[in-house]
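As a plain string of letters, each chain reads:
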Amino acid sequence: MQNGYAAAALLGAGTGIRSMAGLAMLATSDAAPRNSPFRSVVVRAGALAAITGEALADKFAPLPPRTGPLPLAGRMVLAAAAAGVAARWRGRDPLVPALIGAGTAAATAWAATAVRGAAERHGLPDAWPALGEDAVVVALGRATHGQLQATPSHHLAAAGASLAAGPALAAAGRARSPIRSTIHS
């Protein structure tokens, strides 16, 4: 889908499960414009540290319910921001993608909470659905990267690159980012 709505929904779904997922997905994407802070090693490392810390805390620390008013609002804001940034990268208006991201984050947070509750009622250890959530977030990240790589040609032109230089720029971006290679290993 070239309109960016699929990327917005994927970013929102990931953020509904792990609040830092959308930002980590952006930080590990090669689709960021050359001058974007998301190209910074510091931002990439920070985003990966945040999502890793959140995933570990989910297994070992008591956390407030993700569907509580403040945690849910935070997820919706983070998802809206991530979807809006992705839309801007594609040269699109961020309003509709931000709304899609926020709505998808809320729906996914409620769905993930329901799955965890059902697993608990069936006597499964909490770590099982928690690890399942992590696997879903990784799959959503890979799908998001695929959506973000389907960059419209006007975005490449606006960034000052020709279509012929696109693969070379993508290869150069992968070569400069040791962090991206670790997330896809």
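Everything here concerns the structure above.
Residues numbered from 1 in each chain as written. Predicted model: local features only at pLDDT ≥ 70, side-chain atom pairs only at ≥ 80, totals over all residues. Heavy atoms only, no water.

### Overview of the packing of aromatic side chains
Our working definition: Here a Phe, Tyr or Trp ring, Trp counted by its six-membered ring, pairs with any other such ring whose centre lies within 6.5 Å, and the pair is stacked when the planes are under 30 degrees apart, edge-to-face when over 60, and tilted otherwise. Numbered from the N terminus, helices here are DSSP runs of H or I no shorter than four residues, and strands are runs of E no shorter than two. To sort residues, take the accessible area from a 1.4 Å probe on protein chains only and compare it with the maximum for the residue type: under 20% means buried, over 50% means exposed, and anything in between is partly exposed.
In total, this model carries one aromatic pair according to the counting rule given. Look at F38 and W89: their rings are 5.6 Å apart centre to centre, the planes differ by 80°, and that puts the pair in the edge-to-face class. Here the residue F38 occupies a position in the loop between α2 (21-27) and α3 (41-60), and W89 occupies one in helix α4 (residues 69-89), the gap between them amounting to 51 residues. Both residues of the pair, F38 and W89, count as buried.

### Overview of helix α1 (residues 5-17)
Operational definition: A helix's residues, less one, multiplied by 1.5 Å, set its expected span. The criterion used for residue contact is that any of the two residues' heavy atoms lie within 4.5 Å.
Taking 1.5 Å of rise per residue, 13 residues should cover 18 Å, and α1 covers 19 Å from first to last C-alpha, within 8% of that figure. Taken across its 13 residues, α1 has eleven buried, putting it largely inside the fold. Turning to α1, its buried residues are A6, A7, A8, L10, L11, G12, A13, G14, T15, G16 and I17. Close packing links the buried residues of α1 with α2, α3, α4, α5 (95-121) and α6 (127-149).

### Considerations on the nonpolar core
Across soluble globular proteins, nonpolar side chains have a tendency to be buried as a group. The condition is simple: By nonpolar core is meant a set of buried Ala, Val, Leu, Ile, Met, Phe, Trp, Tyr and Cys residues that side-chain atoms within 4.5 Å join together.
One finds L11, M25, L26, F38, W89, L140 and L148 to be the most contacted residues of the largest nonpolar core, which totals 23 residues. At the level of secondary structure, the elements contributing two or more residues to this core comprise α1, α2, α3, α4 and α6. With near-sequence residues (within four places) excluded, L26 lies in contact with L11, F38, A82, V85, A86, W89 and L148.

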